[in-house]
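# Architecture and fold: a report
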Amino acid sequence: MMTTESSSNYKDLEKMSVNEILTSINREDQTVPHAVQKSIPQIEALVEQIVPRMQKGGKLFYIGAGTSGRLGVVDASECPPTFGVPLDLVVGIIAGGDTAIRKAVENAEDDWNQAWIDLAVYKPGIND
């Protein structure tokens, strides 16, 4: 089973006008703040687990595929200049490796073992 394939609310984009497409994108964008608001308790609980571990020398790993994987790599790469943290404190790993940052590597996200292989290079510990 493909892990990233899902049904779409917008199946016939090529038949929509530019205005309809932009309006649809805007409508979807408006759902984000509400989704984040609903998730604040879970995000808070996660952050409260992450911070003490990082204070003990742990690393934060972003592991993802496709756009979310690319955004994780970008965010991880911005942490050192933005927050003055060491280069290896926040690590972005994308399914399909560095090639997938610029070019889609289809079905890479469906390899359950590869993420563990990619992560093992960093020798993660109990605080990661």
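Each chain carries its own residue numbering, running from 1 in the direction its sequence is written. In view of the model being predicted, local features appear only for residues whose pLDDT reaches at least 70, and side-chain atom pairs are presented and counted only at 80 or more, with totals across whole chains, interfaces and linings using the full set of residues. Only hydrogens and water are removed before side-chain values are computed, so all heavy atoms of the structure are retained for them.

For asparagine 107, which is not glycine, the phi torsion reads 70° and is therefore positive. In DSSP terms, a helix is any run of H or I states spanning at least four residues, a strand is any run of E spanning at least two, and both are numbered starting from the N terminus. Looking at where asparagine 107 falls in the secondary structure, it is placed in the loop between α4 (99-102) and α5 (112-120).

Buried means the residue's accessible area, taken with a 1.4 Å probe over protein chains only, is under 20% of the maximum for its type, while exposed means over 50%, and partly exposed covers the values in between. Most of strand β2 (residues 90-94) is tucked away: four of the five residues are buried. Sheet topology places strand β1 (residues 60-64) next to β2; five bridges connect them, and they run parallel. Considered in β2, the bridge of leucine 60 is made with valine 90. Viewed along the sheet, the connection from β1 through helix α3 (residues 66-83) into β2 turns out right-handed. DSSP bridges decide pairing: two strands pair if at least two such bridges lie between them. With the strands pointing away from the viewer, any crossover whose connection runs clockwise from the first strand over the helix to the second is right-handed.

Turning our eyes to something else, we now look at the packing of helix α1 (residues 18-29) against helix α2 (residues 31-55). Contact geometry for α1 and α2: axes closest at 4 Å, N-to-C directions at 15°. What the angle tells us is that α1 and α2 run roughly parallel. Every residue of α2 that contacts α1 at Arg27, Glu28 and Asp29 is listed here: Thr31, Val32 and Pro33. When residues are grouped by polarity, Ala, Val, Leu, Ile, Met, Phe, Trp, Tyr, Cys and Pro land in nonpolar, Asp, Glu, Lys and Arg in charged, and all others, Gly among them, in polar. For the contact of α1 with α2, the residue count by class is two nonpolar, one polar and three charged. What counts as an axis is a line fitted to C-alpha atoms, over the stretch in contact for a helix, and the angles between N-to-C directions run from 0 to 180 degrees. In what follows, roughly perpendicular refers to angles from 65 to 115 degrees, roughly parallel to angles under 35, roughly antiparallel to angles over 145, and oblique to any angle outside these ranges. Throughout, a contact is declared for two residues whenever any of their heavy atoms are within 4.5 Å.

Quick look at a nonpolar patch on the surface now. Exposure above 30% relative accessible area and the absence of a salt bridge qualify a residue for a patch, where like charges join within 9 Å and nonpolar side chains (Val, Leu, Ile, Met, Phe, Trp, Tyr) within 5 Å. Note on areas: these come from Shrake-Rupley sampling with a 1.4 Å probe, and a residue is covered only by the protein chains present in the view. What counts as a salt bridge is simple: a side-chain nitrogen of Lys or Arg found within 4 Å of a carboxyl oxygen of Asp or Glu. A contiguous nonpolar surface patch, about 460 Å² in accessible area, is contributed by Val32, Val36, Ile40, Ile43, Val47 and Val51. Looking at the element boundaries, isoleucine 43 is found in helix α2. Residue classification places isoleucine 43 among the partly exposed residues on the basis of a relative accessible area of 42%.

Looking now at the layout of surface pockets. Here a cavity is any set of points on a 1 Å grid over the protein atoms alone where a 1.4 Å probe fits but cannot get out, and a pocket is any open set with protein on both sides within 12 Å along at least 5 of 7 lines; a residue lines the site when it has an atom within 4 Å of a point. Grid points are joined across faces, edges and corners, and a volume is the space filled by probe spheres set on the points. Considering only enclosed or pocket space, the largest pocket measures out at about 400 Å³ in volume. Among the elements of the structure, β1, β2 and α5 are those that each provide at least two residues to the lining of the largest pocket. Tallying contributions element by element places α5 first for the lining of the largest pocket, with six residues. A breakdown of the residues in the lining of the largest pocket according to their chemical character gives 12 nonpolar, four polar and four charged. Taken as a whole, the second largest pocket encloses approximately 280 Å³ of empty space. Among the elements of the structure, α3 and β2 are those that each provide at least two residues to the lining of the second largest pocket. Split by residue class, the lining of the second largest pocket holds nine nonpolar, three polar and two charged.

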